[in-house]
Amino acid sequence: MRPVAAFALALVLTAFQAAVLRYAGGGKVSLALAIPIVVYLGLHAGNVEGALGSAGVGYVLDLMAGGPKGLLTFLCVALFLLSRLSGAALAVAGKSGFAVLTAFGTFFVGLGSIVLTRAVTPAETAPGYGLLGRVAVESVLTGLVSPLVLVAMRRIDGLMAREEPGLLR
Amino acid sequence: MFGLLKRYRELILVALLLVLPLGVFFARAKRQTEGSRLDRAVLTFAGPIEKGVGWVVGGGARVWDGYVALRRAHEKAAALERENEGLRLDALELQRVRGENERMRALLGFAQGAPERKVKGGRVIGVRLDPKGLQLVTIDRGSDDGLDRMMPVVVGSGVVGRVHAVTPSTSDVLLLSDRNSSIAVRVERSRARANVRGTGAPDLCRLEYALRSDDMVEGDLLTTSGTDGVFPRGLPVGKVAGLKKSGQGLYQRADVKPAVDLTKVEEVLVITTPERMEEEAPLASARSEPVGAVPARTPGPGAPLAPVVAKASAAAGPTSPKPSAPKAPAVAKTSGAAPAAGTAKTPGKASAGTAAPSTAKSASPSARTAMPTAKPAAGTTPSTAAAKPPTATAATRPAAGTASAKSAAAPSGAAARHPSASATPISRAASGSKGGTDPAATPASHSATAKPRPRKPAATASTGGEP
């Protein structure tokens, strides 16, 4: 159920993000509210459901971005793996750690997107590295709001958690 | 093999999820393809969500703007109110300045329209439109500025009146709406002549001495004919309104709506250049020769010139410079007799009855001008003029004036007021050379400013022109 929930939440969050950004700045800045879901999955989900969920989130991002299919799906799965490695190597605890990891993850996805797109598209239409500034801003903003997504994901996890009857019960 | 797959199934799945999208990306990166059904289905879900979120966010924003953000609205409104008041005052000031600018432009345009004409600008500093008295406005220019009585006062849109009394620093302007004001006009369209007389109401004048046969319709523009010797030719005076053509009588009657809103005049131009006669009639100069002793214009307040003489002589006919000219009877009957008839009976009827058709046009000028002003005055001998038609032309002579001096302020009557005859100042408005050609040449009002003391309506009534 977790991948489906991640997929649905990603869909809602991207739509919400598109609606909110219309009022907030009108596109001067951007957000990537679905990335914290991937990071969350990397930290708290299992391999299969995490990878599936990340692929689902990436698929949603691909759809919403309107770019070549598969790019963000790949990058989200890669981010899932990175998050998983980070969670194993580092003690990412609390909202601030989650926010920092999300910010880095967002930057990673942005950078990877630019690099890969440059690799496959003609030079005249390829995105320039000047976009990294926007990516950095997007990363910071996404990191700042990621604790809210963390809370939402925890709630959803709580809804789906099944109570195991203990021996002392 | 299956054991390996089963053992590393998770790793394989993750690798597939990693590699497959990358392969898809590289495969489809160079050519964009349309979305699959799944893509469209997912996006179909996204649409309502975006709308819903937009509705919620928009509603929240409206709630915020409509309620929460209005916490300080009262103070803000008060501040804005004050600012608005200030801005409104500024706008009013700007509007005033703009209006003044436009008026000044109009005045400037008028002044530039005739460079040879000297004008003096003035500002209205007092208004006395008392229906019981004269319709006067006071301007801030006086004799020190070169102003004199009888000088025409205009604005860009038309005639205002004439200078009535001057002090060193101010002048009273008698508005055209005053009952004592009468201006010789033409119907701009048909060139018919008439007089415009005030009624005492600032927005209404009366048309006088417009022959019933004259082509005139409501809405016709009336401009000064220039034949009264006061106003230059071609200035708008008003428009014909309320035309009444009766089946009988010599004249048609009409109301005139002044071209200038006299209640809103603020800046005026006083034409200080003596008006030259632009409408020289044939032999007009010759006609005026006999009375050449009369100056074309006599300076000084209250001492207008005597066009009357020329008018009267012109009325006497081009070939009758002398009072005893042979053609006198016929013409004199209409010109000279008119005052007398008017004195005796109704002017219109009398003249209508006496004026020969052949002379109706040529002699009607004096008839028109003479009759309306022909009112019996004390000591007048009406029969003098009537009984002796030639005396009408003889009125050009001082000697005849005594008989008809008071009987009419018409050309002949005015002529009678020649200095040598009655020692009364002679109207300069008549300034002979032109006056004789105009049937509507105002005998009254502007031309007959005989009295040095301006505010005596009773006297005005008798002279028909000068208050």
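Residues numbered from 1 in each chain as written. Chains lettered and ligands numbered in written order. Predicted model: local features only at pLDDT ≥ 70, side-chain atom pairs only at ≥ 80, totals over all residues.

## Quick notes on the overall build of chain A
Next, step 1: Secondary structure assignment for chain A yields six helices and zero strands.
Next, step 2: The buried share of chain A, reckoned over its 169 residues, is 46%. (Helix = DSSP H or I, 4+ residues; strand = E, 2+ residues; numbered from the N terminus. Buried ≥ 20, exposed ≤ 12 C-beta atoms within 10 Å, placed from the backbone.)

## A short note on the overall build of chain B
Next, step 1: Across its full length, chain B holds 17 helices and 12 strands.
Next, step 2: Across the 467 residues in chain B, those meeting the buried criterion constitute 48%.
Next, step 3: Nonlocal contacts in chain B, meaning residues at least 24 apart in sequence, comprise 64% of its contacts between residues at least 6 apart. (Contact = placed C-beta atoms within 7 Å.)

## Observations concerning the pairing of strand 1 (residues 119-129) of chain B
Residue and element names in this part refer to chain B.
Next, step 1: Two elements, strand 1 and strand 12 (residues 267-271), share five bridges in a ladder whose sense is antiparallel. Note on strand 12: the bridge partner recorded for K120 is V270.
Next, step 2: Sheet topology note: the strand 1/strand 2 (residues 135-139) ladder contains five bridges and is antiparallel. Bridged to L129 within strand 2 is Q135. (Pairing = 2+ DSSP bridges.)

## Some words on the interface of chain B and chain A
Next, step 1: Every contact between the two is made by 24 residues of chain B and, on the other side, 28 residues of chain A.
Next, step 2: Where the side of chain B that touches chain A is concerned, the elements lending two or more residues are helix 2 (9-28) and helix 3 (37-66) of chain B.
Next, step 3: When the residues that make up the side of chain B that touches chain A are grouped by side-chain class, the tally is 18 nonpolar, one polar and five charged. (Nonpolar A, V, L, I, M, F, W, Y, C, P; charged D, E, K, R; others polar.)

## Focus on the sheet that holds strand 12 of chain B
Residue and element names in this part refer to chain B.
Next, step 1: If you walk around this closed barrel you meet the six strands as 1-2-5-4-3-12, and the pairing is antiparallel. Going from strand to strand, the sheet's axes swing by 45 degrees on average, the running direction of each strand aside.
Next, step 2: Relative to the sheet, helix 4 (residues 73-113) contacts strand 1, strand 3 (152-155) and strand 12, its axis offset from that of strand 12 by approximately 15 degrees. (Axes fitted to C-alpha atoms, helices over the stretch in contact; angles between N-to-C directions.)

## Structural notes on the nonpolar core
Next, step 1: If you look at the biggest cluster of nonpolar residues, it comprises 54 residues, and the most contacted ones within it are A10, A34, I37, V57 and C76 of chain A.
Next, step 2: Of all the elements in the fold, those that place two or more residues in this core are helix 1 (2-23), helix 2 (35-44), helix 3 (47-65), helix 4 (71-89), helix 5 (94-120) and helix 6 (132-160) of chain A together with helix 2 of chain B.
Next, step 3: Residue contributions to this core peak at 10 residues, all from helix 1 of chain A.
Next, step 4: By size, the runner-up hydrophobic cluster in this structure holds 51 residues, among which are L136, I139, M216 and Y251 of chain B. (Core = buried A, V, L, I, M, F, W, Y, C linked by C-beta atoms within 7 Å.)

## Quick notes on the packing of helix 3 of chain A against helix 4 of chain A
Residue and element names in this part refer to chain A.
Next, step 1: Where helix 3 contacts helix 4, the axes come no closer than 7 Å and their chain directions differ by 145 degrees. Note on packing geometry: the crossing formed by helix 3 with helix 4 is right-handed. Between helix 3 and helix 4, the residues in contact are G50, A51, S54, A55, V57, G58, Y59, L61, D62 and A65 and L71, L72, T73, F74, L75, C76, V77, L79 and F80, respectively.
Next, step 2: Considering only residue class, the contact of helix 3 with helix 4 consists of 14 nonpolar, four polar and one charged. (Left-handed = near helix turned anticlockwise from the far one by under 90°.)

## Overview of the sheet that holds strand 8 (residues 205-211) of chain B
All names here are of chain B.
Next, step 1: The six strands are arranged 6-7-8-11-10-9 in a closed barrel whose pairing can be described as antiparallel. Neighbour-to-neighbour, the strand axes of the sheet open up by a mean angle of 40 degrees, direction not taken into account.
Next, step 2: Looking at chain direction, strand 9 (residues 221-224) and strand 10 (residues 236-244) are connected through three bridges and run antiparallel. Bridging across to strand 10, L222 finds its partner in G238.

## Topic: the confidence of the model for chain B
Residues and elements named next belong to chain B.
Next, step 1: With 57% of its residues at a pLDDT of at least 70, chain B reaches an overall mean of 65.
Next, step 2: Across residues 278-467 the pLDDT falls below 50, and counting only partners more than four positions away or on other chains, this stretch makes 492 contacts in the model.
Next, step 3: In the model output, the complex is listed with pTM 0.41 alongside ipTM 0.78. (pLDDT = per-residue confidence, 0-100.)

## Considerations on helix 4 of chain A
Next, step 1: The end-to-end C-alpha distance of helix 4 of chain A is 27 Å, a good match for the 27 Å that 19 residues give at a rise of 1.5 Å each.
Next, step 2: Turning to helix 4 of chain A, its buried residues are L71, L72, T73, F74, L75, C76, V77, A78, L79, F80, S83 and R84 of chain A.
Next, step 3: The inward-facing, buried residues of helix 4 of chain A contact helix 2, helix 3 and helix 5 of chain A together with helix 2 of chain B. (Expected span 1.5 Å × (residues − 1).)

## Looking at unusual backbone geometry
Residues and elements named next belong to chain B.
Next, step 1: Of note, the phi angle at R191 is positive, near 65 degrees, even though the residue is not glycine.
Next, step 2: Here R191 lies in the loop between strand 6 (182-187) and strand 7 (193-198).
Next, step 3: Here R191 falls in the exposed class, since 11 other C-beta atoms lie within 10 Å of it.
Next, step 4: The phi dihedral of Y209 falls on the positive side, at around 60 degrees, and the residue is not glycine.
Next, step 5: Relative to the helices and strands, Y209 is located in strand 8.
Next, step 6: Classification of Y209 by C-beta neighbours within 10 Å gives buried; the count is 30.

## Overview of the packing of helix 1 of chain A against helix 6 of chain A
Residues and elements named next belong to chain A.
Next, step 1: In the contact formed by helix 1 and helix 6, the axes pass within 11 Å of each other and the chain directions differ by 145 degrees. Crossing handedness for the pair helix 1 and helix 6: right-handed. Mapping the contact onto sequence places R2, A5, L9 and L13 in helix 1 and V149, A152, I156 and M160 in helix 6.
Next, step 2: Of the residues contributing to the contact of helix 1 with helix 6, the split by class is seven nonpolar, no polar and one charged.

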